[in-house]
Amino acid sequence: MKGDSDLDKLEALSERIKRAEDSARNSAGTKGESLNAATNKSMIALIRVGSDFVAMIVLSVFAGLFLDRYLNTAPWIMVTLLCLAFVSGFWMMIRMLGQRSDEQKPSDAKEKE
C-alpha cells in the first residue's frame, strides 16, 4: 500500500519536471530567436553602411578620373569628388546608425520592465 502511494508521488513529480523542462525550453527558444533576429538586422545594417560607403568612394574616383580626363583638370575634380564622398559617406553612416540606435531604444525599455 505504502509503495503504491510513493510510486504515484514519484510519477507525479516526474510529470511536473517534464512540464517545467518543456516550458523552460520553449521560453529559451523564443528569446534566442528574437535575439538572433535582432543580431541579423544589426549585421545587415552594418554591411549596408559599409558597402554604401565603399561604393560612394569608388564611384567618385571613377567619375573624377573621367571628368579630369575630359576637362583636362587632373587631379582637381577627382580630389574634390573624393573629399565630398568621404564627407557624405561619414554623414550617411552617422545618420543611419543614429536611426538604428533610436529604433532599439524602445525595445530596451521594454526589456527593463
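Trainee: Run through a nonpolar patch on the surface, naming residues and quoting values.
Mentor: A contiguous nonpolar surface patch, about 350 Å² in accessible area, is contributed by L7, L10, L13 and I17. Tracing the sequence through the fold places L13 in helix α1 (residues 2-71). Relative accessible area serves as the criterion here: at 36%, L13 is assigned to the partly exposed category.

Trainee: Provide a residue-level description of the side chain of D68, including the pertinent values.
Mentor: Looking at where D68 falls in the secondary structure, it is placed in helix α1. There is no salt bridge for the buried D68, and the closest opposite charge comes from R69, which lies 8.8 Å off by N-O distance. Not counting residues up to four positions away in its chain, the partners in contact with D68 are T73, A74, P75, W76, I77 and M78.

Trainee: Account for the packing of aromatic side chains, with residues named and values stated.
Mentor: Scanning all chains against the criterion turns up three aromatic pairs. Taking 5.8 Å as the distance between ring centres and 65° as the angle between the ring planes, the aromatic pair formed by F53 and F86 counts as edge-to-face. Residue F53 is found in helix α1, and its partner F86 is found in helix α2 (residues 76-112); the two are separated by 33 residues along the sequence. For F53, a relative accessible area of 14% corresponds to the buried category. The interplanar angle of 55° and the centroid separation of 5.1 Å between the aromatic rings of F53 and F90 together place this pair among those described as tilted. Remark: F90 occurs in helix α2 and F53 occurs in helix α1; sequence separation between them is 37 residues. Its guanidinium or amino end placed over the ring of W91, R95 lies 4.8 Å from that ring's centre, counting from NZ or CZ.

Trainee: Quick one: what's the story with the side chain of S60, residue by residue and with numbers?
Mentor: Mapped onto the elements, S60 comes out in helix α1. Separated by 2.8 Å, the side chain of S60 and the backbone oxygen of I57 make a polar contact. Contacts of S60, omitting those with residues within four sequence positions, involve L81, L82 and A85.

What counts as what
Residues numbered from 1 in each chain as written. Predicted model: local features only at pLDDT ≥ 70, side-chain atom pairs only at ≥ 80, totals over all residues. Heavy atoms only, no water. Patch = residues over 30% accessible without salt bridge, like charges linked within 9 Å, V, L, I, M, F, W, Y side chains within 5 Å. Areas by Shrake-Rupley, 256 points an atom, 1.4 Å probe, with all protein chains shown as cover. Salt bridge = Lys/Arg side-chain N within 4 Å of Asp/Glu carboxyl O. Helix = DSSP H or I, 4+ residues; strand = E, 2+ residues; numbered from the N terminus. Buried < 20%, exposed > 50% of the residue type's maximum accessible area, 1.4 Å probe, protein only. Lys, Arg positive; Asp, Glu negative; His and termini not counted. Contact = heavy atoms within 4.5 Å. Phe/Tyr/Trp six-rings, centres within 6.5 Å; stacked < 30°, edge-to-face > 60°. Lys NZ or Arg CZ within 6 Å of the ring centre and 35° of its normal. Polar contact = N/O pair within 3.5 Å; in protein donor to acceptor, adjacent residues only side chain to side chain.

Nothing here speaks to function; it is geometry throughout.
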